[in-house]
Amino acid sequence: MAGSIMHRSGGFTLIEITLVMVIAGLLFAIALPNMGALSESLAYRGAVRDVMSAAQSARRQSARTGEPVDLLIYPERKALEVSGGRIGLQELPRSISLAVTSAAEVSPGPDVAAIRFYPFGGSTGGDIEIGGPGGGGTLVQVGWLMGDVTQTAMR
């Protein structure tokens, strides 16, 4: 049988398996550091969304009930809540920074800032600065005349 052909049985060689493992390891080593940055970015975006949602909820609740409603912000605790509303104390991610400028006369204490929404559409107004990863951030502004809630990127 001079012309017989040898057939290889199914499976992978040790070299092929090793090569696949090395490539998978390199991909994992490249992706792992980026996962932390992605996680921080998602937490920051979630915090901006939570602040915007809470402010808009307080505004709607005031218009619906005919009573003033406060958006309470705890900068040191990185938390917020809507007074008398469905949104209880809501913790924000620890990785963000939080600063508030608001009317001192409506704030219930030294460690809490308040922005009050009135049924006729106005508010006491205020600014909420949410610092994100990499030094950027978002400024959430509540207008005093119309109680409108807007967000702007900070550099």
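Look a little higher up for the structure.
Reference entry: report on the structure contained in this document. (Residues numbered from 1 in each chain as written. Predicted model: local features only at pLDDT ≥ 70, side-chain atom pairs only at ≥ 80, totals over all residues. Heavy atoms only, no water.)

1. Digging into the nonpolar core
Next up, step 1: Ranked by internal contacts, the top residues of the largest apolar core, which has 24 residues, are Leu71, Phe117, Ile128 and Ile130.
Next up, step 2: Of all the secondary-structure elements, those providing two or more residues to this core are α1 (14-65), β1 (69-74), β2 (79-82), β5 (113-117), β6 (126-131) and β7 (137-142).
Next up, step 3: With eight residues, the top contributor of residues to this core is α1. (Core = buried A, V, L, I, M, F, W, Y, C linked by side-chain atoms within 4.5 Å. Buried < 20%, exposed > 50% of the residue type's maximum accessible area, 1.4 Å probe, protein only. Helix = DSSP H or I, 4+ residues; strand = E, 2+ residues; numbered from the N terminus.)

2. Quick look at a nonpolar patch on the surface
Next up, step 1: Among the surface-exposed residues, Phe28, Leu32, Met35, Leu38 and Leu42 lie close enough to one another that they form a single nonpolar patch of about 540 Å² accessible area.
Next up, step 2: Relative to the helices and strands, Leu38 resides in helix α1. (Patch = residues over 30% accessible without salt bridge, like charges linked within 9 Å, V, L, I, M, F, W, Y side chains within 5 Å. Areas by Shrake-Rupley, 256 points an atom, 1.4 Å probe, with all protein chains shown as cover. Salt bridge = Lys/Arg side-chain N within 4 Å of Asp/Glu carboxyl O.)

3. As for the packing of aromatic side chains
Next up, step 1: Counted by the stated rule, this structure contains one aromatic pair.
Next up, step 2: Directly above the aromatic system of Tyr74 lies the positively charged group of Arg77, at a separation of 4.9 Å from the ring centroid. (Phe/Tyr/Trp six-rings, centres within 6.5 Å; stacked < 30°, edge-to-face > 60°. Lys NZ or Arg CZ within 6 Å of the ring centre and 35° of its normal.)

4. Considerations on the environment of Ser41
Next up, step 1: Take Ser41: it is sitting in helix α1.
Next up, step 2: The exposure class of Ser41 is partly exposed, given its relative accessible area of 22%.
Next up, step 3: In this structure, the C-alpha to C-alpha distance between Ser41 and Ile96, residues 55 residues apart in sequence, is 9.7 Å.

5. What about the sheet that holds strand β8 (residues 149-154)?
For sheets, the rule is that strands pair by backbone hydrogen bonds, running either parallel or antiparallel.
Next up, step 1: The strand order across the open sheet formed by four strands is β4-β6-β7-β8, and the pairing between neighbours is antiparallel. Strands with a single pairing partner mark the edges of an open sheet, and in this sheet they are β4 (97-102) and β8. Ignoring strand direction, the axes of neighbouring strands in this sheet form an average angle of 15°.
Next up, step 2: Where β6 meets β7, six bridges bridge the pair, whose relative direction is antiparallel. Note on β7: the bridge partner recorded for Ile130 is Thr138. (Pairing = 2+ DSSP bridges. Axes fitted to C-alpha atoms, helices over the stretch in contact; angles between N-to-C directions.)

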